[in-house]
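# Coordinate analysis (summary)
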Amino acid sequence: MVPVAPVVVTPVEPEAKDGEPVIKVGTTKQLLAAIGSNRTIVVQPGTYELSSVPHRSGEHIRWDDVHDGEELVIHGVQNLTIEAARDDRPIILAEPRYAWVIKLEGVAKVTLDNLVLGHTPAGGCTGGVVGVSDSSDVTIKRSDLFGSGTVGVGLSRVSGFRFESSAIRECTYGIAEIDRSSDVAFVDSEMTANGEYDLVTLAASPEVVFRGCRLHDNHINKGFGHVFFKLDESSSLAVVDSQLENNDFETLTNRRDRVSISCQAVDAAKLAALDP
């Protein structure tokens, strides 16, 4: 690759909120240049294609190689909020099908608020929407995560994750993959039109909760042993005050002893498929 001279981007002059800077951005370059700790980034309405700018690493961002391009990794930040300027939510897109749209690594107290996140073409293999690893206290709220990402959310070694008043839709493999994580909650959110393998997968992740959620019109390929909620022996899941309806699957879970279902509406015909 031919080296390219760095482009210096100066974000809009920051304001202040609770003594910390508020940085307003209106372009992809400004958004990437603003990433850092102890700040709020306010994203103006519009479409932000991460693949449209030269990929240059900085103090808190880097670009990891994937099969068909590079994925953005935000790392080592604390107390960062990225939020929409108003109700007209900005759309943040990644082009590589094998990339996470946004990947957070080694972060703490990060919030994504009122954003739309997804891929430009149909996804395959490994590229989800938001991936989080080795982090704590991450919140996604009032946001829309859409496929073609393989899964909406992927967590690995995360302590404290809240997905609130948001949606995961049209992902091509499933809803969420949660590995070695704790204090994980999906609250007042919608998961729809996702498929087609194990939809929610938990490994070494106890006490995951879906509360006040609507999981509907999802589907699983039949005849291959895939289930809606897949858990190992050290994970547990509670689905509380939620709606689980109009989904197309054969078996709800592989570990009935590790799953608690208390829903307002349930795919009644599927209850008989619960494993003992």
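Structure first, text after, so check above.
Quick summary incoming for the structure in this document. Each chain carries its own residue numbering, running from 1 in the written order of its sequence. Note on the predicted model: pLDDT of at least 70 is required for a residue's local features to be given, and 80 or more for side-chain atom pairs to be given and counted; whole-chain, interface and lining totals, by contrast, use all residues. With hydrogens and water excluded, all non-hydrogen atoms of the structure serve as input to the side-chain values.

## Quick word on the environment of R255
Labels follow the DSSP assignment, with helices taken as runs of H or I lasting at least four residues and strands as runs of E lasting at least two, numbered in each case from the N terminus. In this structure, R255 sits in the loop between strand 23 (237-245) and strand 24 (259-266). A contact between two residues is defined here by any heavy atoms of the two lying within 4.5 Å. Once residues within four sequence positions are removed from consideration, R255 is found in contact with L231, D232 and E233.

## Observations concerning the pairing of strand 17 (residues 182-187)
Examined bridge by bridge, strand 14 (residues 151-164) and strand 17 share five bridges and lie parallel to one another. When the bridges of strand 17 are listed, R162 appears paired with A185. Sheet topology note: the strand 17/strand 20 (residues 208-211) ladder contains three bridges and is parallel. Looking at strand 20, one finds that A185 is bridged to V209. At least two bridges found by DSSP between two strands is the condition for calling them paired.

## Focus: the environment of S37
Position of S37 among the secondary structure elements: in the loop between helix 1 (28-33) and strand 3 (39-43). A C-alpha to C-alpha distance of 4.9 Å links S37 and V77, two positions 40 residues apart in sequence. Among all residues touching S37, those that are not within four sequence positions of it are H60, G76, V77, Q78 and N79. Polar contact is defined as a pair of N or O atoms within 3.5 Å, subject to the rule that within protein one atom must be able to donate a hydrogen and the other to accept it, and that residues adjacent in sequence are counted only when both atoms are side-chain atoms. Within polar-contact distance, the side chain of S37 engages the backbone nitrogen of Q78 at 3.0 Å.

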